[in-house]
Amino acid sequence: MGKSTIACNLAAISAVQGRRTLLIDLDVQGNSSRYLLGAAGAQSAAQSGTGTVGVAGFFAQTLSYTFNPLPPSHFVQRSPFEGLDVLAASPALDELQVKLEARHKIYKLREALAQLGNEYEQIYLDTPPALNFYTRSALMGASGCLIPFDCDDFSRQALYTLLANVQEIRADHNPGLQVKGIVVNQFQPRARLPQQLVQELIDEGLPVLQPYLQASVKVRESHQLARPLIHLEPKHPLTQALLALHQRLL
């Protein structure tokens, strides 16, 4: 719920503040890629398939042994925004998944993140909505994760499931993995149910982050124009909330 929007806007804020930032789009839908690269840039990654750019190209390389493998940075694309690069998704990720699972390539992303960490100050990963190979790869390689919460009971049940999955991956594969917090998304401050649900999470001791992100049509405009909110309307209340959230995470 809102994961691509949150990841892209936090990454854009990081870059605006002078940090060299990378966003890795692991979702075959490619929403983050279109958001940060525009339709043309995302299309070039999709057409490349398992070739010269994008995360599919990186994963495809891991399936064939070579004496001189290309570094992960080779598959990165520059975004139109200074300091912000993208490792874009493509539909080829779908068919690659079966091959990657069969060849036990689950740790290849973690290895890539270790290399990319020498080039970027902050790296954000936008995962698929399901706990598939790519989501597990991300959780095995990341230092932390954010969990969007969309203020309804379905989202709440999914939250508990994901927390259990994170705990298992931390125990078995990545002891340093932390839940950085739960991001309340699409919050309606005048409605009783969202307030009640969020308060119940807080009462349970879960790491709910403030400020809460309220619903806004400005987000849809931001998507359509392929411009994160910090570039589209820096003074907007939602932009300010994202800035505060980014600062809190730092």
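Rules used throughout
Residues numbered from 1 in each chain as written. Predicted model: local features only at pLDDT ≥ 70, side-chain atom pairs only at ≥ 80, totals over all residues. Heavy atoms only, no water. Phe/Tyr/Trp six-rings, centres within 6.5 Å; stacked < 30°, edge-to-face > 60°. Helix = DSSP H or I, 4+ residues; strand = E, 2+ residues; numbered from the N terminus. Buried < 20%, exposed > 50% of the residue type's maximum accessible area, 1.4 Å probe, protein only. Lys NZ or Arg CZ within 6 Å of the ring centre and 35° of its normal. Polar contact = N/O pair within 3.5 Å; in protein donor to acceptor, adjacent residues only side chain to side chain.

Draft legend 1. Inspection of the packing of aromatic side chains at higher detail. Under the counting rule described, the total for this entry stands at 7 aromatic pairs. Taking the centre distance of 4.9 Å and the plane angle of 65 degrees together, the rings of Phe187 and Tyr212 count as edge-to-face. Highlighted residues: Phe187 in the loop between β6 (178–184) and α8 (192–203) and Tyr212 in the loop between β7 (208–209) and α9 (217–225), separated in sequence by 25 residues. For the residue pair Phe187 and Tyr212, the accessibility class agrees, reading buried in each case. Feature note: the residues Phe58, Phe59, Phe75, Phe133 and Tyr134 constitute an aromatic cluster, connected by ring pairs. Above the ring of Tyr120, the side-chain terminus of Arg20 is found at 4.5 Å from the ring centroid.

Draft legend 2. Structural context of the environment of Arg110. Counting through the fold element by element, Arg110 comes out in helix α5 (residues 108–116). Taking relative accessible area as the criterion, Arg110 reaches 30% and is therefore assigned partly exposed. Along the chain, Arg110 and Ala138 lie 28 residues apart, while their C-alpha atoms are 7.3 Å from each other. Of note is the side chain of Arg110, whose polar atom sits 2.9 Å from the backbone oxygen of His173.

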